[in-house]
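Architecture at a glance
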Amino acid sequence: MSAEPQDIDALLEERRTIEPSAAFCDSAIVKTEDVYREAAADLEGFWARQAERLDWFEPWDRVLDWSPPWVKWFEGGKLNVAHNCVDRHVEAGLGDRVAYHWEGEPEGDTETITYARLRADVVRLANGLRSLGVGKGTPVGIYMGMVPSLPVAMLACARLGAPHTVVFGGFAAEALADRLNDMRCQVLITQDEGWRRGQRVPLKRNADEAVERSPTVKHVVVATRTRADVPWTEGRDVRFEDLVKDQSDDPASCPPEPMDAEDLLYLLYTSGTTGKPKGIAHTTGGYLTGVSATHRMIFDLHPDTDVYWCAADVGWVTGHSYIVYGPLANATTGIMYEGAPDFPDKDRWWSI
């Protein structure tokens, strides 16, 4: 007998309530609604306490300057995002903790990256980018798939104080060119090709087409993924692997750049479906405080025991905040997928 048809409206509303267990409640980071009252009663004090969980090179003079449309957080404070996401965890003895379990395509292509390995990779790339003239304030574009080199590139830029813009690897050349030109990027980091649901994505060919219309781009750094034969422009293009091969991974060789809390960390552009894409500025101190606090409290993540997966792509702001900067600031172990996976095998990951 066939099931009774259901009205579509009934499927759009979830009426069940599932109460958490007592053990779950006892271990929760935020146990009661008092946190909302605490924040409402003393907004600046609340966010100052969240910011104190980070390492600051210099303390702030003022928590909040509320002068709409301008709002500034932690004025006078200096910090570095890469230091907070990587270095301080290694220095605290957590170098062997896994930062990412990476699942690539084709199936079976995997990699496990510790915080110590991540720091070494970030320092090498930062030194390589510095050899290309990248420094504090140099705009860098990143056009990659979901590979470990993507967060490495973001963190290397943050280490140098170079603001980045990550362009979603599913975008075509025109969209990439628009963003490179608006930010006036001097370097573009990309791949030969990417994988997405078993299909190859011609990232380098798209990048070449975009750079033809992006006169500020001086160098294109190309990571090897599929080993495809791609066009090459001598003097402009450089292989990622060649750039980092002879670079030092000693953090003292490239110390994290002290950044003002209001310095630009990255620009991320709107999709452009309703007009010209608009670059949204994310500054250093307030952004990192916000994403580290929300990642910890809202997701209730315990770095000593939990493994975390976010279904977003790093090309979108959710991926920036909850695959890269928020989890790493909290020394969390994350799962990163190259393609667009089905829901992970919970039995496999819960056993890690």
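These numbers come from a predicted model, not from an experiment.

Here we look at the side chain of N206
Tracing the backbone through its elements, the reader meets N206 in helix α8 (residues 203–211). The class of N206 is buried, set by a relative accessible area of 16%. A polar contact of 3.0 Å, which involves the side chain of N206, links it to the side chain of Y143. With residues near it in sequence (within four places) discarded, N206 still touches Y143, F171, A173 and L176.

Focus on the environment of V167
Within the element layout of this structure, V167 appears in the loop between β7 (164–166) and α7 (173–183). Sequence spacing of V167 and R179 is 12 residues, and the spatial spacing of their C-alpha atoms is 7.7 Å. With residues near it in sequence (within four places) discarded, V167 still touches I142, Y143, M144, L176 and R179.

Focus: the packing of aromatic side chains
Per the stated rule, a full pass over the model turns up 15 aromatic pairs. Ring centres of F171 and W316 lie 5.6 Å apart, and the angle between their planes is 90 degrees; on these two criteria the pair is classed as edge-to-face. Taken together, the residues F171 in the loop between β7 and α7 and W316 in the loop between β16 (307–309) and α11 (317–329) connect sequence positions 145 residues apart. Take W316: its relative accessible area is 32%, and that puts it in the partly exposed class. Aromatic rings pair up to connect F46, W47, W56, W60, W73 and F74 into one cluster. Sitting over the ring of W232, R239 keeps its end group 4.3 Å from the ring centre.

Section: the side chain of T333
Note on placement: T333 falls in strand β17 (residues 333–337). A polar atom in the side chain of T333 sits 2.6 Å from the backbone oxygen of V98. When residues no more than four places from it in sequence are discounted, the contact partners of T333 are R97, V98, A99, H101, D306, V307 and Y308.

So, the pattern of salt bridges
Tallied over the entire structure, the rule returns 20 salt bridges. Of the charged contacts, one joins D260 and K78 as a salt bridge, the two residues approaching to 2.3 Å between their closest N and O atoms. Within this pair, whereas D260 is found in strand β13 (residues 259–260), its partner K78 is found in strand β3 (residues 78–79), the two being separated by 182 residues in sequence. Here D313 makes a salt bridge to R196, at a shortest N to O gap of 2.8 Å. One end of the pair, D313, is in the loop between β16 and α11; the other, R196, is in strand β9 (residues 194–196), and 117 residues separate them in sequence.

Quick notes on the nonpolar core
Core analysis: the biggest nonpolar cluster contains 71 residues, and L129, I189 and Y325 have the highest contact counts within it. With 9 residues, the top contributor of residues to this core is helix α6 (residues 149–160). Once you skip the residues sitting within four places of it in the chain, L129 turns out to touch V134, A156, C157, L160, V187, I189 and L243.

Quick look at the sheet that holds strand β5 (residues 110–114)
Taking strand neighbours across the sheet as the criterion, the 4 strands line up as β5-β4-β17-β16 in an open arrangement whose pairing is mixed. Across the chains shown, the open sheet's two edge strands, defined by having one partner strand only, are β5 and β16. Averaged over all pairs of adjacent strands, the angle between strand axes in this sheet comes to 20 degrees, irrespective of strand direction. Pairing between strand β4 (residues 98–103) and β5: 5 bridges, direction antiparallel. Bridging across to β5, H101 finds its partner in T112.

Details of the packing of helix α5 (residues 115–131) against α6
Describing two packed helices takes the angle between their axes plus the distance from one axis to the other. Between α5 and α6, whose axes approach to 8 Å, the crossing angle comes to 65 degrees. In the crossing of α5 with α6, the sense of the turn from one axis to the other is right-handed. Contacts between α5 and α6 pair L118, D121, V122, V123, L125, A126, L129 and R130 from the former with V152, A153, L155, A156, C157, R159 and L160 from the latter. Counted by class, the contact of α5 with α6 contains 12 nonpolar, no polar and 3 charged residues.

Focus: the pairing of β4
Most of β4 sits out of view: 6 of its 6 residues are buried. The turn joining β4 and β5, which pair antiparallel and follow one another in sequence, is formed by 6 residues; a positive phi near 100 degrees is taken by G108. In this sheet, β17 lies alongside β4 in parallel orientation, the contact comprising 4 bridges. In the strand pairing of β17, W102 is matched with M336.

Details of the packing of helix α4 (residues 81–94) against α11
Between α4 and α11, the shortest axis-to-axis distance is 8 Å and the interhelical angle comes to 55 degrees. In terms of orientation, α4 lies oblique with respect to α11. Considering how the two elements wind past one another, α4 and α11 form a crossing that is left-handed. Residue-level inspection shows V81, N84, C85, R88 and H89 of α4 in contact with α11, the latter providing Y325, L328 and A329. Its residues assigned to classes, the contact of α4 with α11 comprises 5 nonpolar, 2 polar and 1 charged.

What counts, and at which threshold
Residues numbered from 1 in each chain as written. Predicted model: local features only at pLDDT ≥ 70, side-chain atom pairs only at ≥ 80, totals over all residues. Heavy atoms only, no water. Helix = DSSP H or I, 4+ residues; strand = E, 2+ residues; numbered from the N terminus. Buried < 20%, exposed > 50% of the residue type's maximum accessible area, 1.4 Å probe, protein only. Polar contact = N/O pair within 3.5 Å; in protein donor to acceptor, adjacent residues only side chain to side chain. Contact = heavy atoms within 4.5 Å. Phe/Tyr/Trp six-rings, centres within 6.5 Å; stacked < 30°, edge-to-face > 60°. Lys NZ or Arg CZ within 6 Å of the ring centre and 35° of its normal. Salt bridge = Lys/Arg side-chain N within 4 Å of Asp/Glu carboxyl O. Core = buried A, V, L, I, M, F, W, Y, C linked by side-chain atoms within 4.5 Å. Pairing = 2+ DSSP bridges. Axes fitted to C-alpha atoms, helices over the stretch in contact; angles between N-to-C directions. Left-handed = near helix turned anticlockwise from the far one by under 90°. Nonpolar A, V, L, I, M, F, W, Y, C, P; charged D, E, K, R; others polar. Parallel < 35°, antiparallel > 145°, perpendicular 65-115°, else oblique.

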